[in-house]
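Fold and geometry: a report
The chain contents come next:
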Amino acid sequence: MTSAALSPEKPHIFSLRMSDLAEEFMSIGVPEKKARYHSRQVFHWLYHRKITSFEQMTDLSKLTRQHLTDKYEIAALPKVFEQKSVDGTQKFLFKLFDGKTIESVLIPSEDRLTICISSQVGCAMACKFCLTGTMGLMRNLGVHEIVGQVLELSKNANISNIVFMGMGEPLHNLENVCRAIEILLNQDGLNFSKRKVTVSTSGLVPAIRKMNERLKGAYRPNLAISLNGSYDAQREEVMPVNKAFDIKTLLDACRDWELEPHRRITFEYVVLGGLNDTLEDAERVRRLLADIPSKVNLIPYNPHPGSEYARPDDAKVNAMHRYLLDRDVAAMVRHSRGRDILAACGQLRSAKKEALESASAETAPAAVATA
Ligand code: SAH
Ligand code: SF4
């Protein structure tokens, strides 16, 4: 592991889509067809062979390599910390050029290995139950910082799924998230299947509509919505974003989200003890989603120290689950992963501060739920 952080001085090569690279080559006089060919070669070196210097791109001319060296940064995103849960979940901390840190989590399950990545340092949405929400927004991640999390962890692991469910609101950093997706899904890039990539949002309606237009065809990820409430007053209490975009406005945008046949939108529902955990809530959720191809992930809340909300009773979560299943709603309970290593949304960063500063292992409840 290295502790050197990325230099901000030059643009980063991992921020460039293949079309950006082709344009770069054309700007130095390479004819279009050859520029496209070069951009594919560079992508192969970066994302298939995962090389770490332009010098290693031996099928490019010396002059081209020199041009890239002069103009672009290629250093890897430095991993500074990693920890493994008893359940196999691993969390990683990356250090950014400005000293800020972000988390990524690897979550193994029977048939897949999911990476949960961050899109921002902190988050502006201030959801009351979420530790990241208490931090406020520090900054958006650059494209290379989003791609870098996947690239680095893919060097030692065969990742099958990507979820944008780490720190931050991905649709509050829409352009960079879209560009990163275009790199992650490019066949000559990291070559993820669009069905294995999920963007989760708290419900920024204009950005959902923009993404609907922005990412089409081969680059279209799955959409997940953090519903977390069954009526406006309840949702608003925990998610301030509901004041700007209420449930009806949000679900209208979901109805307009173009879905391929047999695909569904995932609705995440964090079950907060005593707040949104009744059968009446389940019935309201059923009605809200009745005309949307959807599946519901019930996520038992994982309280963090100082949190004003409680973990729900298992019996209540199971009753909601049964109620939905009995009425043909595709519902799942997503059990928490990585509890012993604080691997939940926003909790890694706080844990790391303590772990790095006092070298004492914390054991507090936390969760990451997979899509
Ligand atoms: N900002 C995006 C994605 C990151 S949060 C969003 O809100 O959708 C990913 C998921 O974790 C969200 O569904 C959120 O509701 C959930 N979450 C946040 N804190 C949690 C906690 N302490 N326990 C369980 N789920 C939590
Ligand atoms: Fe931000 Fe998502 Fe946490 Fe809300 S739940 S504060 S949107 S990271």
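Above this text you will find the structure in question.
Residues numbered from 1 in each chain as written. Chains lettered and ligands numbered in written order. Predicted model: local features only at pLDDT ≥ 70, side-chain atom pairs only at ≥ 80, totals over all residues. Heavy atoms only, no water.

1. What about the site of ligand 1?
The environment of ligand 1 is formed by 19 residues, the closest being Gly168, Ser200, Ser226, Glu268 and Asn302. Glu169 places a side-chain nitrogen or oxygen 3.5 Å from a nitrogen atom of ligand 1. Measuring from an oxygen atom of ligand 1, one finds a side-chain N or O atom of Ser200 at 2.6 Å. In the complex, 93% of the free accessible area of ligand 1, which totals 530 Å², lies under the protein chains. (Near = heavy atom within 4 Å. Polar contact = N/O pair within 3.5 Å; in protein donor to acceptor, adjacent residues only side chain to side chain. Areas by Shrake-Rupley, 256 points an atom, 1.4 Å probe, with all protein chains shown as cover.)

2. Quick notes on the site of ligand 2
Taken together, 10 residues form the shell around ligand 2, and within it Cys123, Met125, Cys127, Cys130 and Gly133 come nearest. Looking at side-chain class alone, the shell around ligand 2 contains six nonpolar, three polar and one charged residues. (Nonpolar A, V, L, I, M, F, W, Y, C, P; charged D, E, K, R; others polar.)

3. Focus: the pairing of strand 11 (residues 294–300)
Judged by how many residues are buried, strand 11 sits mostly within the fold: six of seven residues are covered. In terms of strand pairing, strand 10 (residues 265–271) meets strand 11 through seven bridges, oriented parallel. Each residue of the ladder has a partner; that of Ile265, found in strand 11, is Ser294. Taken together, strand 10, helix 11 (residues 279–289) and strand 11 constitute a β-α-β crossover, and its handedness is right-handed. Pairing analysis gives four bridges linking strand 11 to strand 12 (residues 330–333), with the strands arranged parallel. Directly across from Asn297, in strand 12, lies its bridge partner Met332. (Buried < 20%, exposed > 50% of the residue type's maximum accessible area, 1.4 Å probe, protein only. Helix = DSSP H or I, 4+ residues; strand = E, 2+ residues; numbered from the N terminus. Pairing = 2+ DSSP bridges. Right-handed = clockwise from strand over helix to strand, strands pointing away.)

4. Considerations on the pattern of salt bridges
A side chain of one charge can pair with a side chain of the opposite charge if their charged atoms are brought near each other. Applying the stated criterion across every chain, the model contains 26 salt bridges. Note that Arg17 and Glu182 form a salt bridge whose closest N and O atoms lie 3.0 Å from each other. One end of the pair, Arg17, is in the segment before helix 1 (18–27); the other, Glu182, is in helix 6 (residues 174–184), with 165 residues separating them in the sequence. In this structure, Arg17 and Glu182 share a single accessibility class: buried. A salt bridge links Arg287 to Glu283; the shortest N-O distance between them is 2.9 Å. Separated by four residues within a single helix, Arg287 and Glu283 lie in helix 11, roughly one turn from each other. Assessed through its relative accessible area of 55%, Arg287 is described here as exposed. Classification of Glu283 as buried rests on a relative accessible area of 15%. Members of the salt-bridge network, linked through shared partners, are Arg17, Asp20, Glu175, Arg179, Glu182 and Arg214. (Salt bridge = Lys/Arg side-chain N within 4 Å of Asp/Glu carboxyl O.)

5. So, the environment of Asp313
Residue placement: Asp313 occurs in the loop between strand 11 and helix 12 (314–326). Sequence separation between Asp313 and Tyr301 is 12 residues, and the spatial gap between their C-alpha atoms is 10.0 Å.

6. As for the nonpolar core
Grouped together as the largest cluster of nonpolar side chains are 99 residues, with contacts concentrated most on Ile13 and Phe164. Examining the composition of this core, we find that seven residues originate from one element, helix 6, more than from any other. Each of domain 1 (17–71) and domain 2 (79–361) accounts for three or more of the residues forming this core. Not counting residues up to four positions away in its chain, the partners in contact with Phe164 are Ile117, Ser119, Ile146, Pro170, Val177, Ile181, Leu184, Val197, Thr198, Val199 and Ser200. One finds Val105, Ile107, Cys116 and Val163 within the second-largest nonpolar core, a separate group that totals six residues. (Core = buried A, V, L, I, M, F, W, Y, C linked by side-chain atoms within 4.5 Å. Domains from an automatic or database assignment. Contact = heavy atoms within 4.5 Å.)

7. Digging into the packing of helix 6 against helix 7 (residues 205–214)
At a closest axis distance of 11 Å, the pairing of helix 6 and helix 7 adopts a crossing angle of 30°. Here helix 6 is positioned roughly parallel relative to helix 7, judged by the angle of their axes. For helix 6 against helix 7, the interelement crossing comes out right-handed. For the pair helix 6 and helix 7, the contacting residues are Leu174, Glu175, Cys178, Arg179 and Glu182 in the first and Ala207, Lys210, Met211 and Arg214 in the second. (Axes fitted to C-alpha atoms, helices over the stretch in contact; angles between N-to-C directions. Parallel < 35°, antiparallel > 145°, perpendicular 65-115°, else oblique. Left-handed = near helix turned anticlockwise from the far one by under 90°.)

8. Points about the packing of helix 5 (residues 143–154) against helix 6
Packing of helix 5 against helix 6 leaves a shortest axis separation of 8 Å and a crossing angle of 40°. Here helix 6 runs oblique to helix 5, going by the angle between their axes. Crossing handedness for the pair helix 5 and helix 6: right-handed. Residue-level contacts link Val143, Ile146, Val147 and Val150 of helix 5 to Asn176, Val177, Arg179, Ala180, Ile183 and Leu184 of helix 6.

9. Observations regarding the pairing of strand 3 (residues 101–109)
Burial analysis of strand 3 places seven of its nine residues in the buried class, the great majority of the element. As defined by bridge partners, strand 2 (residues 90–95) adjoins strand 3 across six bridges and the pair is classed as antiparallel. Bridging from a neighbouring strand, Lys95 pairs with Thr101 of strand 3. Between strand 2 and strand 3, which pair antiparallel in sequence order, lie five residues; one of them, Gly99, sits at a positive phi of approximately 90°. Here strand 3 pairs with strand 4 (residues 112–116) via five bridges, running antiparallel.

None of the figures reported here should be taken as evidence of function without further support.
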